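# Survey of secondary and tertiary structure
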Amino acid sequence: MIGEESGETQVTLTIDDRQVTVPNGTLILKAAEQLGIEIPVFCYHDKLKSIGACRMCIVDVEGLPKPVPSCATEVKEGMVVRTRTPEVAKMWEGVLEFLLVNHPLDCPVCDRGGECPLQDNTFKYGPRDSRFTGEKRHFAKPVPLSALVLLDRERCIMCTRCVRFCQEISGDEQLKIWDRGHGEYIDTFPGQTFDSNFSGNTIELCPVGALLSSVFRFRARPWEMKGAASICPHCGVGCNIRVDARNNREVVRFLSRENAEVDDGWLCDRGRFDSDFPNSGARLTKPLARKNGELTPVEWDEALDLVAEGLRRAAEAGPDQVGGLGSPWRTNEENYLLQKLFRTALGSNSLDFTFDGRGGGSDAIAEAFREGFFDGSISDTTTANVIFVLGSDISIDLPVVDLWLKKAVGRGAKLIYAYPTAVELAQHSQLFLPYAPGSEVELIEGLAASISAEEAAAHTGVPAELIAKAPQALMDARQTLVFVSGRLLEDEIGHRLLDALRRLRRAAASGEGQEMLVCAVFPDTNTQGAMDMGLLPGRYPGYRRIGDELAMQTIERTWLTQPASAPPMSGEQMLAAAAEGRMQAMYIMGLDPVSRPVGGEEIAEALSKVGFLVVADTFLTKTAELAHVVLPSCTFAEKDGTLTNTERRVQRIRPAMRIAGECRPDWVILSEIARRLGMEWSYGKAEDVFEEIARVTPQYAWLDYESIGEKGLQWRTG
Amino acid sequence: MENILFKHLDIADLEKLDVYVANGGYAALGKALKELAPAEVTGLVTRSGLRGRGGAGFSTGKKWSFIPKDVDTPKYLTCNADESEPGTFKDRELMVRNPHQLLEGIALCCYAIGAAKSFIYIRGEYAHQARVMEKAIEEAKEAGYLGRNIMGSDFSLKVVVHRGAGAYICGEETALLDSLEGKKGWPRFRPPFPAIAGLYAKPTVINNVETLCNVPHIISRGPEWFASIGTEKSTGTKVFSVSGHVNKPGNYELPMGVTARELLFEHAGGIWGGRRLKAFIPGGASVPMLTESDLDVRLDFESVMAAGSMLGSGGVIVMNEDACIVWATLNLSKFYNHESCGKCAPCREGTYFIVQILKALEDGHGLPGDVEKLRDVATNIDGRSFCALGDAAAQPVKSSIDRFHEEYEYHIAHRGCMVGRS
Amino acid sequence: MGVTQAQQPGKARLLSEATRENISRIALNYDSAQSVVMPALYAAQEQLGYLPDQAIVEVAEILQLPPSEVGAVASFYTMYFRRPVGQHIISVCETLSCALRGAEGIMEHVRRKLNIKAGETTADGKFSLNSVECLGACDMAPVAMIDGEYYGNLTEEKVDEILMGLGL
């Protein structure tokens, strides 16, 4: 394809009497694009292989007997292309007439109407009238291919983008063209549901209204919608999305907003179709306070006064009696202000974003982040020779990375997949290592050949001959990319695992020009950011240790008060303290531990013993039901802020719709509480908070909203 | 005229290996393996002027010469026996009556291009012909004309019969390759051309049955002999399949350049039912129609082209004055609509559009302007479709309107036909 | 070439051992597993009379291909039957050369005799009738393919004779 290396042959050609010089191998379509010459397309898509099938983009090339598809024909030196002659105009008109022969022309009731390439191209290049008076082809419609994707076969123009997506991108081959000629249609295998994790992308690829989202169908017309450039709130990949809201009132859909470093233009179904929650009628829209045992709606002032008073009184009992829990689903700004509130106004370092047990790894991982151990990026999958996944079912943990890995395998990268069970991606790997859980360290030692394959086999249960294949592959690789489960790193073995990875890095990057990059896998949206912001027991923002003199000085310069140096409690420890009736107050923001499938009841019991429990959330969760005061938060669709994804990329979310009811963004809520506790915070907007984050957090020092921009930036150490 | 490809008309049981060998069969292969370098075989074929008999008329020797030499990669010959062009049935007879002639041609080509494997892609309906070819392959293998170390040389060849399953498009050479690879028969984008990346993305020659059947004779009797038959640029004989309204439908092997008049009246027994000739399609359904005034056109690539049509497959469909031209065009248009693979819009939708207009005309629902519309729709397909099937679909429509305009208009004005149905 | 005989336990198989062996043998002729799809479908159809979805799944399993791909390929070609067909399959050519020699009349006659339309199967499951495109036998127009064999120069009388021979 199009190469970018210098020294590549350049080709000069003429399109519509204008000269353009492009690299050899460029498609006529792309060369025309450089001149700003539009050529309509349907089957062509930047992410899919050219097939030249629909004939929409045919152009005249001097000296050739027939017009050629500009989407599939490469430029040649001296080529003379014409796209704006009466002959080409007639050809385009003819192709559009053909595409409309069996098209129902039901634009007024079609979701695509108003943003439809078929409609747009017809308007620009198509016939004015319909000459076709015969009977159009009929199909039952719409056909539910799945609960999420509907197919209107009468509108389909057989561009086959969806089919090629399933073949070339998701690799699940679920959609095919059945039958042939004018009778052909798109379908799954008889009786099969289109249950690809990525099915929704076909809706966006569809250049007509044939593939439809059951979530979006009939919800809005394009001219009623406004889109906000945001980030998908559903996992740690942080796919870039456009959040479309109807009349500024309700979110109606998520569309992909390509970020070539993060999502390659794709979204998973879990992200794409879970777009309705900001509109829910069950949202909290007014503060609640417990009166006579009942949660009762109150005004904000009353609620905030109660919260400030409750926290202040609890803190007086001692910093080990209060704690705060942030959230992997809240912004960096919000998590930052939560810890600042506790570390200043309340004197407590008991901060976390999980109730889960933190083993010995917690501190090790913090240390690893501080020293910059993690340096791998999602887009390194495009260059790595060997990709090693340890302990993560990527297809579930970071769905879109599944596509990156398949793409890497497609270009010849070697995938080594270590996971206890044969998950889907394992089938795409060259080497699958199903190890016994808990034997990760020995497995890595085996891969690094620091213990023998036989010894590693004895520990891990993986056949020695499989393990023995790995060291050579790693030795041969110029670049190795490791995705390692964050859960494993936080576990008891985390410390040893990191040491083992360090040894593996030495082995895999021992040769000249060799490198091994490591990326931690955090499935939740902003786990990385929550850690970065200091919601870790024992760490200030930027992973600096509590009590570290230098850190305290730096922070004090910005906070104008010394950060707390009291001994911290983790979420788990806070819970244990609560169960013993030793927690005077807790502030839980955007976390609902009581709803956990396992252990929720014990947590509820413990939390019910907390002297003063505040919950800020978007819904009245089971956890919120136990609170003394409940504060209604904004969802991601109603506020500004930043999220940091699993590869340490800081990206911006933006408000897509007006705020529901009396909700407030958590950073506003926290500022109000701080003000009531005598703090002089003056954040007018989320950006002000971020500026402070950049001053206090070394990794974020070089970031601001402007530089983060539309595509985000990764934080750096040192 | 001597029968060359159709020697089976003179020699009984020529399909049997011993009879074939007794009549000089496999001598050409023996000669090539013993005396000729592969490039020399290609050279002889090039010098003979042999052109592809499948329809396009490309120089066979030149096609072979495009196969990269001295590259260590498998190469293939695919014999196109997907004879599906309406009005064409020559390969059927060639395979059944003289299968070893084809196998010898295949072996010679494979030797020339360095292929160790050849597939015969035969249309699914030719089940009997497939069985005949498979039997002949077995016999030839046992006798040492195929298989390992053919005739004591170090040339080995495996020939495999692959049956199609009912898809005209698979006669298009790149659709054929996809079909042979177990996919839907959708034509491929070129470049790359099959000579560089064909079957399994390896260098591949695709030749029609009749083309390959000529090769043993060229090697045996020399390119000069071959070039002395036919015309200067269309050398050799051509097997013409004549069908429709003639008294003696059948295959006729005649020198290239024979006139249509001689073919139809001297060989095919004249027009059926004692009626006058109305139209004939000289090269299978996919080429423009000609009429009585074209009877003296010589049937070779250049002359038919000059007359505004194409020699194509040499399948000549004859219509007498009782045939309604709108009905006949509708019939062919339905064929193309049914056989369109569905890959590109002009062919998939355009053939459907054409059928709808023609149906209306045929049923007496035509409206003023329909004929112009019909012609314009055909024009919008012609040259814009992905492969030649779309072009083919446009030819009967355009040529019949050009030559029988008043008959179309009559259908509109009188809501019916001006001629009795056949 | 990627041919496997692995069986999933507890699942009744439609394709017989003989068919499976046949497919394995055919596979030796080809240089890719997918190339085996068409002959394998023929082999399955030969055994079963048509290609139920389960047969397509099994062919796909044997060749280690996605069932959707094998099914879509089967659906492209007219000679693979994805629905049950009659014991005898009568395919009347109606393309121009045959049509000029009376194919429409022959078709009409067969339709009347069997009392079904093209594309249908008689209620007793004995006959299926198809209208097909050029069979490449225009020298003996009008022509029909019946159970894989060609019958040419058809007249109504000849059709009656043939059908009688098939037990009508």
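Refer to the structure presented above.
Scope of this entry: the structure provided in the associated data block. (Residues numbered from 1 in each chain as written. Chains lettered and ligands numbered in written order. Predicted model: local features only at pLDDT ≥ 70, side-chain atom pairs only at ≥ 80, totals over all residues.)

### A few points about the overall build of chain A
To be explicit about the condition: Secondary structure elements follow DSSP: runs of H or I no shorter than four residues count as helices, runs of E no shorter than two count as strands, and numbering proceeds from the N terminus. Any residue with 12 or fewer other C-beta atoms within 10 Å of its own C-beta is exposed, any with 20 or more is buried, and the rest are partly exposed; the C-beta atoms used are placed from the backbone. Contacts here follow a simple rule: the backbone-placed C-beta atoms of the two residues must lie within 7 Å.
Check the secondary structure of chain A and you find 26 helices and 28 strands. Viewed in the frame of its principal axes, chain A has a C-alpha envelope of about 90 × 65 × 50 Å. Out of the 718 residues belonging to chain A, those deemed buried represent 56%. In chain A, the proportion of contacts linking residues at least 24 apart, taken out of those at least 6 apart, comes to 67%.

### A closer look at the interface of chain A and chain C
For clarity, the cut-off: Under the scheme applied, nonpolar residues are Ala, Val, Leu, Ile, Met, Phe, Trp, Tyr, Cys and Pro; charged residues are Asp, Glu, Lys and Arg; polar residues are all the others, including Gly.
On the chain C side, the residues contacting the 11 residues of chain A number nine residues. For the side of chain A that touches chain C, the per-class residue count stands at four nonpolar, three polar and four charged.

### Concerning the packing of helix H6 (residues 103-114) of chain C against helix H7 (residues 156-165) of chain C
All names here are of chain C. Keep this limit in mind: Angles run from 0 to 180 degrees between N-to-C directions of axes, and those axes are lines fitted to C-alpha atoms, restricted for helices to the stretch in contact. Here the angle decides the label: under 35 degrees means roughly parallel, over 145 means roughly antiparallel, 65 to 115 means roughly perpendicular, and every other value means oblique. With the far helix as reference, a near helix turned anticlockwise by less than a right angle produces a left-handed crossing, and one turned clockwise produces a right-handed crossing.
Taken N-terminus to C-terminus, the directions of H6 and H7 make an angle of 40 degrees; their axes are 10 Å apart at the nearest point. Taken together, the axis directions place H6 and H7 in an arrangement best described as oblique. H7 is crossed by H6, and the crossing has right-handed handedness. Where H6 approaches H7, its residues Ile106, His109, Val110 and Lys113 are matched on the opposing element by Glu156, Val159 and Leu163. Per-class residue counts for the contact of H6 with H7 are four nonpolar, one polar and two charged.

### Points about the interface of chain C and chain B
When the parts come together, some accessible area is lost, and that loss is often what is quoted as the size of the interface. Taken together, the contact between chain C and chain B spans 31 residues of the former and 43 residues of the latter. Listing elements by their share of the side of chain C that touches chain B, those giving two or more residues are helix H2 (37-48), helix H4 (67-76) and helix H5 (96-100) of chain C. Ranked by the residues each element gives to the side of chain C that touches chain B, the list is headed by H5 of chain C, at four residues. For the side of chain C that touches chain B, a count of residues per class yields 19 nonpolar, nine polar and three charged.

### A word on the pairing of strand S1 (residues 88-93) of chain C
Residues and elements named next belong to chain C. Defined as follows: In short, DSSP must find at least two bridges between two strands for them to pair.
Buried residues dominate S1, accounting for five of its six residues. Sheet topology places S1 next to strand S2 (residues 127-132); six bridges connect them, and they run parallel. What sits directly across from isoleucine 89, in S2, is serine 128. The pairing of S1 with strand S3 (residues 144-146) spans three bridges and is classified as antiparallel.

### Description of the pairing of strand S14 (residues 288-291) of chain A
Residue and element names in this part refer to chain A. The pairing of S14 with strand S15 (residues 294-297) spans four bridges and is classified as antiparallel. In the sheet register, lysine 291 faces S15, and the bridge partner there is glutamate 294. Where S14 folds back on S15, the antiparallel hairpin that results is connected by two residues, among which asparagine 292 adopts a positive phi of roughly 55 degrees. Across two bridges, S14 lies against strand S25 (residues 629-632) in antiparallel orientation. Across the sheet, residue leucine 288 finds its bridge partner in S25, namely valine 630.

### A few points about the packing of helix H13 (residues 440-447) of chain A against helix H18 (residues 494-508) of chain A
Residues and elements named next belong to chain A. At a closest axis distance of 9 Å, the pairing of H13 and H18 adopts a crossing angle of 10 degrees. In terms of their interaxial angle, H13 and H18 are classed as roughly parallel. Residues Glu440, Val441, Ile444, Glu445 and Leu447 of H13 pack against Arg496, Leu497, Ala500, Leu501 and Leu504 of H18. Along the lines of polarity and charge, the residues of the contact of H13 with H18 split into seven nonpolar, no polar and three charged.

### With respect to the nonpolar core
Heads up, the condition is: Each nonpolar core comprises buried Ala, Val, Leu, Ile, Met, Phe, Trp, Tyr and Cys residues, the members being joined through C-beta atoms within 7 Å.
Within the largest apolar cluster, 414 residues are counted, with the highest numbers of intra-cluster contacts made by Val482 and Val614 of chain A together with Ala107, Leu108, Cys109 and Leu263 of chain B. Take this core: its biggest share by element is 10 residues, from helix H6 (residues 99-113) of chain B. Apart from the residues lying within four places of it in its own chain, the contact partners of valine 614 of chain A are Val307, Tyr587, Ile588, Ala627, His628, Val629 and Leu631 of chain A.

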